[in-house]
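Each chain, letter by letter, is given below.
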Amino acid sequence: MPDGGKKSGFVALLGRPNVGKSTLLNRLLGARIAIVTDKPQTTRDRIAGILTNEKGQIVFLDSPGIHRPKKALNVYMLKTAGRIAMESDIAVHLADDRSRQAGEEETLVRGIMENIPVPRILAINKSDRMKESEANANLKMMMDTGLYQNGYLISAKTGAGVDEFLSALFGMLPEGPAHYPEEDLTDLPMRFIAKEIVREKLFDALSEELPYSVAVVIEEYREDAEKGLTRIRAEICVERDSQKGMIIGKGGRMLKRIGTEARLELEKMTGERVYLDLFVKVEKDWTRNETILRRLGYD
Ligand SMILES: Nc1nc2c(ncn2[C@@H]2O[C@H](COP(=O)(O)OP(=O)(O)OP(=O)(O)O)[C@@H](O)[C@H]2O)c(=O)[nH]1
Ligand SMILES: [Mg+2]
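From a predicted model like this one, the values you see are computed outputs, not experimental measurements.

Caption draft 1: Expanded view of the sheet that holds strand β9 (residues 273–282). Reading across from one edge, β7-β8-β9 is the order of the three strands in this open sheet, with mixed pairing throughout. The sheet terminates laterally at β7 (215–224) and β9, the two strands that pair on one side only. On average, each strand axis in the sheet is tilted by 15° relative to the strand beside it, whichever way the strands run. Two strands pair when backbone bridges link them, and strand β8 (residues 229–238) and β9 are joined in this way by ten bridges, in the parallel orientation. Looking across to β9, one finds that Glu235 is bridged to Phe279. Strands β7, β8 and β9 of the sheet are contacted by helix α6 (residues 190–205), whose axis makes an angle of about 130° with β7. Running over the sheet, helix α8 (residues 253–270) touches β7, β8 and β9 and is turned about 140° from β9.

Here's what the structure looks like:
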């Protein structure tokens, strides 16, 4: 038998913003690859997480939450989600306890799912904050659409139901060779992860529309192995002059706090000391401008 009967494939995690796709990715891998915040539209790119065990290898593709795009950045995010759907062997529609109220966005997700030429699976997340009867009723209602081969109730937060969900995915995938070395957790460079961590701390610290107006560009990422030190210089781009001041904060306090939080997290991840320099720069209306978007890495 080729590859000793090991399974292999790509599984897309698709759904509305904020349903817990990135939390689920991290839970499945047992590591923190994707950033998570309590705000919708956190993830902007394709985040591949590689899970290898005795059954084989699954590459999970975390995606930007599906929403109605208004600006060029949102169009980029929606296109990215669409592309991820098309490169998968199995598409998971992740929903949550609020999916019934989120009519319009759920309809958008369903529209994408309907056109995916691979098996579709439903997973309703956040079961930890649903009554069992309510969770089962939601699951039945969504399964009755006939769109999904199987449906699961899970909690990415507590891990409930996640093993069973994972076994089912392995059961559905074909046998084949692993795409990545078994020790790899992601195909993303540390430079990208550093950018995401700074962005996560910005999302956490800022409110209202401000998180949606920031992009982070890593200008320098230099490892000094001899000193056990990594030097990172990151530029935070905002859309307007007034936003620059809000991010720097009184006496520079806000920027300092964001920098400290990001640095501590990066030190934990790299196991090395990190020097993190943050700068704020105005890129006027960058979220609406395709040329600047590309320059900022949303290409
Ligand atoms: N109670 C509960 N909260 C959860 C669970 N999974 C995720 N969350 C929370 O839901 C919020 C959104 O989680 P994310 O993982 O960032 O959601 P996402 O689907 O990746 O969101 P976008 O990247 O914006 O599309 C965070 O506050 C999580 O802590 C869960 O199983 N139970
Ligand atoms: Mg996410």
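There's more to say after this.
Caption draft 2: Up close: the packing of helix α1 (residues 21–29) against helix α5 (residues 162–172). The N-to-C vectors of α1 and α5 enclose an angle of 80°; their axes lie 11 Å apart at closest approach. Considered as vectors, α1 and α5 are oriented roughly perpendicular to each other. Residues Leu24, Arg27 and Leu28 of α1 form the contact with α5, whose own contacting residues are Val162, Phe165 and Leu166. When the residues that make up the contact of α1 with α5 are grouped by side-chain class, the tally is five nonpolar, no polar and one charged.

Caption draft 3: View of the coordination of the magnesium ion (ligand 2). In this structure, Ser22 (OG) and Thr43 (OG1) serve as the protein donors to the magnesium ion (ligand 2), at separations of 2.0 to 2.1 Å. With Ser22 in helix α1 and Thr43 in the loop between α1 and β2 (47–53), the pair connects residues that are 21 residues apart, well separated along the chain. A residue is classified by how much of its surface remains accessible, and Ser22, at 8% relative accessible area, is buried.

Caption draft 4: Structural context of the site of ligand 1. Around ligand 1 sit 23 residues, and of these Lys21, Thr23, Gln41, Thr42 and Asp128 come closest. Between ligand 1 and Thr23, the relevant distance is 2.5 Å, taken from an oxygen atom to a side-chain nitrogen or oxygen of the residue. Protein contacts shield 89% of the accessible area of ligand 1, which totals 650 Å² for the unbound molecule. Broken down by class, the residue content of the shell around ligand 1 amounts to five nonpolar, eleven polar and seven charged.

Caption draft 5: Representation of the pairing of strand β3 (residues 56–62) in the model. Burial analysis of β3 places seven of its seven residues in the buried class, which makes it a mostly covered element. Both faces of β3 are covered, namely the face carrying Gly56, Ile58, Phe60 and Asp62 and the face carrying Gln57, Val59 and Leu61. In this structure, strand β1 (residues 7–15) lies alongside β3, joined through seven bridges in parallel fashion. Counterpart to Gly9 in the pairing with β3 is Ile58. Two elements, β2 and β3, share seven bridges in a ladder whose sense is antiparallel. Within the sheet, the bridge partner assigned to Ile47 lies in β3 and is Asp62. Between β2 and the antiparallel strand that follows it, β3, lie two residues.

Cut-offs and rules
- Residues numbered from 1 in each chain as written.
- Chains lettered and ligands numbered in written order.
- Predicted model: local features only at pLDDT ≥ 70, side-chain atom pairs only at ≥ 80, totals over all residues.
- Heavy atoms only, no water.
- Pairing = 2+ DSSP bridges.
- Helix = DSSP H or I, 4+ residues; strand = E, 2+ residues; numbered from the N terminus.
- Axes fitted to C-alpha atoms, helices over the stretch in contact; angles between N-to-C directions.
- Contact = heavy atoms within 4.5 Å.
- Parallel < 35°, antiparallel > 145°, perpendicular 65-115°, else oblique.
- Nonpolar A, V, L, I, M, F, W, Y, C, P; charged D, E, K, R; others polar.
- Donors = N, O, S within 2.8 Å, 3.2 Å for Na, K, Ca; no water.
- Buried < 20%, exposed > 50% of the residue type's maximum accessible area, 1.4 Å probe, protein only.
- Near = heavy atom within 4 Å.
- Polar contact = N/O pair within 3.5 Å; in protein donor to acceptor, adjacent residues only side chain to side chain.
- Areas by Shrake-Rupley, 256 points an atom, 1.4 Å probe, with all protein chains shown as cover.

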